[in-house]
Amino acid sequence: MASGLFYKTAFCSSYERLLCACVQSLEAWRNRREEIANSGLRSKEAGDELMRLQADYAKAYSRLEKHKDNCELCHFVSKISGRSEASLSVAVMDKKHSA
């Protein structure tokens, strides 16, 4: 698993940068959602903030998906490693969380 991860992150810095932005926006959304749920806060402002954070994540994920669809290097690395783009994304995200 680590060797496929190495190829993906070593050869396409754009993918890694976009994936990191995606993970960060997802974590920000999850963390804030948890904070609001635990505090019992139920206001329009809290709802608006969660909607904005969700939209930020959706935009980051969309940029990552567009990159994967258009980057020849990402396709090549996926083929030589024998893994799908989805499994590579999960592997990179898992490595980021364990670091």
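**Q** Residues and numbers for the packing of helix H2 (residues 13-39) against helix H3 (residues 44-70), please.
**A** As a packed pair, H2 and H3 sit with axes 9 Å apart at the nearest point and diverge in direction by 160°. Here H2 is positioned roughly antiparallel relative to H3, judged by the angle of their axes. The two elements H2 and H3 cross, and the hand of that crossing is left-handed. Of the residues assigned to the contact of H2 with H3, the class counts are 16 nonpolar, 4 polar and 6 charged.

**Q** Can you tell me about the nonpolar core, naming the residues and giving the values?
**A** Counting 10 residues, the largest nonpolar core consists of Cys12, Tyr15, Leu18, Leu19, Cys22, Val23, Ala60, Leu64, Cys71 and Cys74. Among the secondary structure elements, those contributing two or more residues to this core are H2 and H3. Among the nonpolar cores identified, the runner-up in size contains 6 residues, and Trp29, Ile36, Ala46 and Leu50 belong to it.

Criteria and thresholds
- Residues numbered from 1 in each chain as written.
- Predicted model: local features only at pLDDT ≥ 70, side-chain atom pairs only at ≥ 80, totals over all residues.
- Heavy atoms only, no water.
- Axes fitted to C-alpha atoms, helices over the stretch in contact; angles between N-to-C directions.
- Helix = DSSP H or I, 4+ residues; strand = E, 2+ residues; numbered from the N terminus.
- Parallel < 35°, antiparallel > 145°, perpendicular 65-115°, else oblique.
- Left-handed = near helix turned anticlockwise from the far one by under 90°.
- Nonpolar A, V, L, I, M, F, W, Y, C, P; charged D, E, K, R; others polar.
- Core = buried A, V, L, I, M, F, W, Y, C linked by side-chain atoms within 4.5 Å.
- Buried < 20%, exposed > 50% of the residue type's maximum accessible area, 1.4 Å probe, protein only.

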